[in-house]
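Chain by chain, the residues run as shown.
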Amino acid sequence: MDHLLIRGGRRLEGQVAIEGAKNAALPMCVAPLLTDEPVRLHRIPHLRDVDTILSTISSLGKKITYDGDTVEISCGGALRSEAEPRYVQQMRASFLILGPLAARLGHAIVPLPGGCTIGRRPVDLHLEGLRAMGARIEEFPDRVVVRAEKLHGARISFSHPSVGATEHLLMTAALIRGETQITNPSKEPEIGDLISLLRKMGAHIVVERMSIRINGSEHLHGAEHTIIPDRLEAGTYLLAGAITGGEVQVTGVEPEHLRSVIEVLRKAGMSITESSETIRLLAEQRAEPGHIVTAPYPGFPTDLQPPLVALLCLGKGESLVEEQVFESRLAYTHSLNRMGGRIKVTGRKAIIAGVNTLVGAKVPAPDIRAGGALILAGLAAEGETVIYYPEHIDRGYASIEQKLALIGARIERGE
Ligand code: UD1
């Protein structure tokens with residue numbers, strides 16, 4: 001069975017080059033559906049999720065050409081309105097094709113999405129927004145059918161921010177008549193990056209404090225764009241440095257995007273130095289305990305909650321971590337407990353009593369970031385850790401065992 005084998009207890013030391021952001025790349029691979037002209041994306045990360053979204057886009061009629069870290073998405077023939085379930089069901093971001101297809105073709109059939117099992121993850125905000133734009137939507141147990149002869153701008157107000165719904169409605173609004181206002185949108189850097197690409201494609205978008213206004217165009221054109229660095233990958237490697245008492249520098253990053261993470265790590269006693277494109281962490285002590293709450297950007301990212309919990313397992317005292325974004329993103333903690341962690345979960349709260357040592361175990365990776373947390377725990381644990389289902393980790397972390405091995409980890413992939 002495919003697995004990662006980690007022999008723990010090594011201090012990590014060295015530099016890690018960070019990829020383009022997965023969560024920016026995914027919507028940007030969908031944006032070319034809005035035009036027949038080619039869109040070139042530089043710094044595309046080589047990840048399973050990116051392959052999946054590109055397969056989805058290609059199955060809809062787009063031509064995909066790779067050149068190193070650059071992908072060109074161009075017109076490969078007539079655009080199809082029905083997406084193949086085998087791709088969409090693997091990944092939630094594929095659902096973002098619905099609005100752009102409806103805006104281009106007037107109709108679309110898209111299977112309901114899959115993705116990480118970290119909560120209910122409904123799509124109501126996506127569908128309410130499209131309905132406000134004039135789409136007629138029929139929901140079936142396995143798919144959504146949209147008819148949208150004439151979509152128009154709309155005023156949309158989210159009850160709570162959603163990254164995917166913000167991106168979905170931004171892209172759709174860019175190609176329909178009239179002005180759309182999205183109030184209470186997500187503000188993640190990946191959304192800012194998508195807006196940059198859409199502007200290059202000719203979209204008129206104004207970002208205000210509490211809303212985004214989009215003035216739709218009948219025609220968008222091709223563009224070229226370099227994807228921002230992956231703050232979640234960078235954060236994971238910094239936490240890997242912290243949990244192993246090491247010294248790790250992440251390069252090619254945007255430190256401002258990691259402000260809340262840097263603050264939490266400093267409070268935990270880590271020494272951090274930043275330059276314009278690098279962050280260096282030196283761990284001279286075990287982590288101080290803390291109270292951390294995940295929140296939409298600029299709050300502490302929910303995706304780094306599992307790796308942070310791994311770090312706090314070896315902290316000096318009792319920590320409290322509250323997961324406010326996804327209702328069931330703490331299930332993986334039982335695997336950390338099998339490795340000797342002392343985590344008690346009640347609802348969305350985890351109380352973590354710091355222990356002196358973790359011990360290797362055989363554990364499954366349930367999703368991308370929980371998989372990252374188990375790797376971190378394995379790096380710090382005594383003995384061997386075997387992590388099954390590494391394909392979940394590969395969805396979000398490029399060449400993870402090579403990158404970790406380069407900074408001193410003993411980690412290998414096996415079957
Ligand atoms: C994106 C990220 C994911 C990150 C998450 C939150 C991508 C590809 N994935 O996921 O890594 O963990 O943002 O930062 O960018 N919700 C609704 N109704 C909806 C949509 C969402 O209630 O229609 C809820 C979700 O269940 C969740 C919360 O809103 O509780 C935030 O989800 P959302 O921001 O949409 O996450 P994703 O876009 O799926």
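Residues numbered from 1 in each chain as written. Predicted model: local features only at pLDDT ≥ 70, side-chain atom pairs only at ≥ 80, totals over all residues. Heavy atoms only, no water.

Draft legend 1. Highlighting the domain arrangement of the protein chain. Domain boundaries assigned for the protein chain yield domain 1 (3-18 + 229-414) and domain 2 (22-226). The C-alpha centroid of domain 2 is placed 30 Å from the C-alpha centroid of domain 1. Between domain 1 and domain 2, the contact holds 23 residues from the first and 21 residues from the second. Across the interface of domain 1 and domain 2, roughly 1900 Å² is buried in total on both sides, 51% from carbon and sulfur atoms. (Domains from an automatic or database assignment. Contact = heavy atoms within 4.5 Å. Buried area = accessible area lost by both parts, 1.4 Å probe.)

Draft legend 2. Structural view of helix α2 (residues 48-59). Between its first and last C-alpha, α2 extends 16 Å over 12 residues, near the 16 Å set by a 1.5 Å rise per residue. Those residues of α2 not exposed but buried are Asp49, Val50, Thr52, Ile53, Leu54, Thr56, Ile57 and Ser59. Summarising the contacts, the buried residues of α2 are in contact with α1 (22-30), β4 (62-67), β5 (70-75), α3 (85-88) and α12 (368-380). Looking one or two residues past α2, Gly61 carries a phi angle of roughly 115°, positive in sign. (Helix = DSSP H or I, 4+ residues; strand = E, 2+ residues; numbered from the N terminus. Expected span 1.5 Å × (residues − 1). Buried < 20%, exposed > 50% of the residue type's maximum accessible area, 1.4 Å probe, protein only.)

Draft legend 3. Representation of the site of the ligand within the structure. In the vicinity of the ligand there are 19 residues, among which Asp124, Ser162, Val163, Asp303 and Val325 approach most closely. Measuring from an oxygen atom of the ligand, one finds a side-chain N or O atom of Ser162 at 2.6 Å. Between an oxygen atom of the ligand and a side-chain N or O atom of Asp303, the distance comes to 2.6 Å. When the ligand sits alone it has 740 Å² of accessible area, and the protein chains cover 88% of it. At 3 residues, the largest contribution of residues to the shell around the ligand is made by helix α5 (residues 124-132). Of the residues belonging to the shell around the ligand, the class tally is 7 nonpolar, 6 polar and 6 charged. Counting contributing residues per domain, the shell around the ligand is built from domain 1 (3-18 + 229-414) and domain 2 (22-226), each supplying no fewer than three. (Near = heavy atom within 4 Å. Polar contact = N/O pair within 3.5 Å; in protein donor to acceptor, adjacent residues only side chain to side chain. Areas by Shrake-Rupley, 256 points an atom, 1.4 Å probe, with all protein chains shown as cover. Nonpolar A, V, L, I, M, F, W, Y, C, P; charged D, E, K, R; others polar.)

Draft legend 4. Region of the structure containing the nonpolar core. Core analysis: the largest hydrophobic core is formed by 72 residues, its most contacted members being Leu41, Ile97 and Leu198. In contact with Ile97, other than residues within four places in its own chain, are Val30, Leu33, Thr56, Ile57, Leu60, Ala83, Val88 and Val110. In terms of nonpolar packing, the next biggest core, distinct from the first, is built from 68 residues, Ala242, Leu265, Tyr332 and Leu374 among them. (Core = buried A, V, L, I, M, F, W, Y, C linked by side-chain atoms within 4.5 Å.)

Draft legend 5. Geometry of the sheet that holds strand β6 (residues 107-111). The strand order across the open sheet built from 3 strands is β6-β8-β7, with neighbouring strands paired in antiparallel fashion. Each edge of the sheet is formed by a strand with only one pairing partner; in this case those strands are β6 and β7 (136-139). Taking each pair of neighbouring strands and ignoring which way they run, the sheet shows an average axis angle of 15°. Here 4 bridges tie β7 to strand β8 (residues 143-147), and the two strands are oriented antiparallel to one another. Bridging from a neighbouring strand, Ile137 pairs with Val146 of β8. (Pairing = 2+ DSSP bridges. Axes fitted to C-alpha atoms, helices over the stretch in contact; angles between N-to-C directions.)

Draft legend 6. Expanded view of the packing of helix α6 (residues 163-174) against helix α7 (residues 189-200). Put simply, α6 and α7 touch, their axes get as near as 10 Å, and they point 10° apart. When the axes of α6 and α7 are compared, the pair comes out roughly parallel. Where α6 approaches α7, its residues Val163, Thr166, Glu167, Leu170 and Met171 are matched on the opposing element by Glu190, Ile191, Leu194, Ile195 and Leu198. (Parallel < 35°, antiparallel > 145°, perpendicular 65-115°, else oblique.)

Draft legend 7. Examining the pattern of salt bridges more closely. Tallied over the entire structure, the rule returns 27 salt bridges. In this structure, Glu19 engages Lys403 in a salt bridge whose closest nitrogen and oxygen atoms are separated by 2.6 Å. With Glu19 in the loop between β2 (13-17) and α1 and Lys403 in helix α14 (residues 400-406), the pair connects residues that are 384 residues apart, well separated along the chain. The shortest N-O distance in the salt bridge between Asp49 and Arg395 comes to 2.7 Å. On the criterion of sequence distance, the pair formed by Asp49 in helix α2 and Arg395 in the loop between α13 (390-394) and α14 is long-range, its members being 346 residues apart. Across the pair, Arg395 and Asp49 agree in class, each one buried. Here the residues in one salt-bridge network are Glu256, Arg259, Arg266 and Glu274, joined through shared partners. (Salt bridge = Lys/Arg side-chain N within 4 Å of Asp/Glu carboxyl O.)

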